[in-house]
Amino acid sequence: MCGSRFMGLVDFQGTSSSLCTIKSSASSYHRPCCHSFQRTQWRVTCMASTVQVKVTGDSFIRPHLLKLSPYQPILPFEVLSTHLGRKPEDIIKLDANENPYGPPPEVFEALGSMKFPFVYPDPESRRLRAALAQDSGLESEYILAGCGADELIDLIMRCVLDPDDKVVDCPPTFTMYEFDAAVNGALVVKVPRKSDFSLDVELIAEVVEQEKPKCIFLTSPNNPDGSIISDEALLKILDLPILVVLDEAYIEFSGIESRMQWVKKHENLIVLRTFSKRAGLAGLRIGYGAFPLSIIEYLWRAKQPYNVSVAAEVSACAALKNPAYLENVKVALVQERERLFKLLKEVPFLNPYPSRSNFILCEVTSGMDAKKLKEDLANMGVMIRHYNNKELKGYVRVSVGKPEHTDALMECLNCLC
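- An unreviewed UniProt entry lists the chain under the name histidinol-phosphate transaminase, with Actinidia chinensis var. chinensis given as the organism.
- The UniProt entry for the chain carries the following comment under Pathway (unreviewed entry): "Amino-acid biosynthesis; L-histidine biosynthesis; L-histidine from 5-phospho-alpha-D-ribose 1-diphosphate: step 7/9."
- Under the heading Catalytic activity (unreviewed entry), UniProt records this for the chain: "L-histidinol phosphate + 2-oxoglutarate = 3-(imidazol-4-yl)-2-oxopropyl phosphate + L-glutamate".

1. Notes on the nonpolar core
- Formed by 48 residues in total, the largest nonpolar core has its most connected members in Leu128, Ile204, Ile216, Leu218, Val244 and Phe275.
- Considering every element that reaches this core, the biggest residue donor is helix α9 (residues 310–320), with 7 residues.

2. Details of the pattern of salt bridges
- Under the criterion given, the structure shown has 20 salt bridges.
- The closest approach of N and O atoms between Glu211 and Lys166, which form a salt bridge, is 2.5 Å. Here Lys166 lies in strand β7 (residues 166–169) and Glu211 lies in helix α6 (residues 201–211), a separation of 45 residues in the sequence.
- Judged by relative accessible area, which is 23%, Lys166 ranks as partly exposed.
- Among the salt bridges present, the one from Arg339 reaches Glu336, with a minimum N-O distance of 2.6 Å. Of this pair, Arg339 and Glu336 are both found in helix α10 (residues 323–345), 3 residues apart, which corresponds to roughly one turn of the helix.
- For Arg339, a relative accessible area of 31% corresponds to the partly exposed category.
- Residue Glu336 is classed as buried on the basis of its relative accessible area, which comes to 5%.
- Within this structure, Lys93, Asp95 and Glu98 form a network of salt bridges that share partners.

3. What to know about the pairing of strand β10 (residues 243–247)
- Within β10, 5 of the 5 residues are buried, which leaves the element mostly enclosed by the surrounding structure.
- Residues of β10 alternate between two faces, with Leu243, Val245 and Asp247 on one and Val244 and Leu246 on the opposite face, all of them buried.
- Direction of pairing for strand β9 (residues 215–219) relative to β10: parallel, over a ladder of 5 bridges. Paired with Phe217 across the bridge in β10 is Val245.
- Note that the unit made of β9, helix α7 (residues 231–238) and β10 has a crossover that is right-handed.

4. Here's the deal with the pairing of strand β6 (residues 143–146)
- Taking every second residue as pointing to the same face, both faces of β6 are buried, with Ile143 and Ala145 on one and Leu144 and Gly146 on the other.
- The pairing of β6 with strand β12 (residues 287–290) spans 4 bridges and is classified as antiparallel. Looking at β12, one finds that Gly146 is bridged to Gly287.

5. A closer look at the environment of Lys212
- Mapping Lys212 onto the fold places it in the loop between α6 and β9.
- When the C-alpha positions of Lys212 and Lys166 are compared, they lie 7.4 Å apart, and in sequence the two are 46 residues distant.
- Reaching out from Lys212, the side chain makes a polar contact with the backbone oxygen of Glu209 at a distance of 2.3 Å.

Rules used throughout
- Residues numbered from 1 in each chain as written.
- Predicted model: local features only at pLDDT ≥ 70, side-chain atom pairs only at ≥ 80, totals over all residues.
- Heavy atoms only, no water.
- UniProt positions renumbered as here; feature names shortened; annotations may be inferred.
- Core = buried A, V, L, I, M, F, W, Y, C linked by side-chain atoms within 4.5 Å.
- Buried < 20%, exposed > 50% of the residue type's maximum accessible area, 1.4 Å probe, protein only.
- Helix = DSSP H or I, 4+ residues; strand = E, 2+ residues; numbered from the N terminus.
- Salt bridge = Lys/Arg side-chain N within 4 Å of Asp/Glu carboxyl O.
- Pairing = 2+ DSSP bridges.
- Right-handed = clockwise from strand over helix to strand, strands pointing away.
- Polar contact = N/O pair within 3.5 Å; in protein donor to acceptor, adjacent residues only side chain to side chain.

What follows is the structure, given as structure tokens:
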């Protein structure tokens, strides 16, 4: 058995289940590695192994993953239909912040006329990045597309974090940050939000100074409460020696501009976006990010080559061709959000929080149990989000749907009063 090393790769030639010692008949010199058998005769003495070691599959798993708790995703229509004994069309799904209006009609036309689904997709997503550059005003060389923003979150961590590096998380927020940090062997330093869900910028600064974390993940509007980060707060955090990843999954509903252009001025800023909410493409998994040129070079090297499918790229490009549809849907959802908020305020056991997104967080009060509320509504065919984590114990989140979805939700809530 012989081996050679190059750039962290160990290459062994030859296989055997026995332990072998190699001796030269020409001299007592022992070669450290096998090369050629020319000119010198070798005598190989093999000793068969008699020790059998029982191997279990989990012995190959990285130790930190053995205790990893799985992410708890939202169930799709088909699974909910089986669980609830209802047809998918009879379920009102207000638990995952999906766009109930779906994508523009051009998306369905594009999917139906795909010419080359049997050919691997463009590894650089050139058409999509060009369309995104036109849509955002940011040059395409700053843009990288992914299989949803979730893939980019994981890609950033894999490129930035060594095991036991620290990540700042500001709960309550999107739980994928903590989950992906755990997958990548990082340590999470939590800086809780204030009672109004705003960031504690002073405490973040203290943590950065004391703990020396590598990066911080922020969401604006924040999921699950819908609050936004002001320019002043963001600039203070950008002044710290830390990589700032700003997740703008819900920015279209906020009434403020995206900070994508900021990556040209701030070497420590990454901005993530998605087509899931704005364009109703959650099921096709397509997201993108804006990166400083000094960072994006290395993400290009590390990303999977065909990470954006042909169907996803075609759909995203088609959606961007109908900005009027996207704008009309956004306006409809924002208007319905305001109507829903007013109606939820009238429910005696709910305390809704103002939101700049397509969902509303509600504190469950008056002795009502939040988990039971979620279950009671599910039995009536209406799905909302309930949380088990300590920061949101006693809270539920309601996605904004169509007016008829709001009406059905309120009818069910009134039955529970």
